[in-house]
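Results of the structural survey
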Amino acid sequence: MAVPKRRVSRTRRDKRRTHYKLQTQNITRCPKCGEPKMPHRVCPFCGEYKGTTYHVIVTKK
Ligand SMILES: [Zn+2]
């Protein structure tokens, strides 16, 4: 099995990992109800996407 020639120091390892970070999730607003939603998805609040209602949200009273 191949073995690394030199051990990567803690500093070097951690410096490499400074680029590892979570991407923030894109959030857009629904043009119909104005609630925040994920882009390219049917709105979870009013069930509409690109002017078409795909499902009607049944709200529990
Ligand atoms: Zn909506």
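Cut-off values and rules
Residues numbered from 1 in each chain as written. Predicted model: local features only at pLDDT ≥ 70, side-chain atom pairs only at ≥ 80, totals over all residues. Helix = DSSP H or I, 4+ residues; strand = E, 2+ residues; numbered from the N terminus. Rg over C-alpha atoms; globule rule 2.2 N^0.38 Å. Buried ≥ 20, exposed ≤ 12 C-beta atoms within 10 Å, placed from the backbone. pLDDT = per-residue confidence, 0-100. Contact = placed C-beta atoms within 7 Å.

Next up on the list: the overall build of the protein chain. Of regular secondary structure, the protein chain possesses 1 helix and 4 strands. Taken from N to C terminus, the helices and strands of the protein chain fall in the order α-β-β-β-β. Taken against the 2.2 N^0.38 rule, which gives 10 Å for 61 residues, the C-alpha radius of gyration of the protein chain at 23 Å runs more than 25% over that of a compact globule. With respect to the principal axes defined by its C-alpha atoms, the protein chain has extents near 65 × 25 × 25 Å. Going through the 61 residues of the protein chain one by one, you find that 3% of them count as buried.

Attention shifts here to unusual backbone geometry. Phi angles above zero are rare outside glycine, and His40 is one such case at about 60°. Along the chain, His40 falls in the loop between strand S2 (36–37) and strand S3 (48–49).

Let's shift gears to the environment of Thr52. Within the secondary structure layout, Thr52 lies in strand S4 (residues 52–53). As for Thr52 and Val42, which are separated by 10 residues in sequence, their C-alpha atoms are 9.3 Å apart.

As a note on interpretation, predicted positions should not be read in detail where pLDDT is low. Across the protein chain, pLDDT averages 86, with 95% of residues at or above 70. The spread of mean pLDDT over the elements of the protein chain runs between S4, the lowest at 82, and helix H1 (residues 10–16), the highest at 96.

Its place among the elements puts Glu35 in the loop between strand S1 (28–29) and S2. Among the residues examined, Glu35 registers 11 C-beta atoms within 10 Å and is labelled exposed. Counting along the chain gives 12 residues from Glu35 to Gln23, while the straight-line C-alpha distance between them is 21 Å. Excluding anything up to four places from it in sequence, Glu35 contacts Arg29, Cys30, Cys43 and Phe45.

By the secondary structure assignment, Thr24 is in the loop between H1 and S1. Its 6 C-beta neighbours within 10 Å are what place Thr24 among the exposed residues. When the C-alpha atoms of Thr24 and Arg6 are compared, they prove to be 35 Å apart, with 18 residues separating the residues in sequence.

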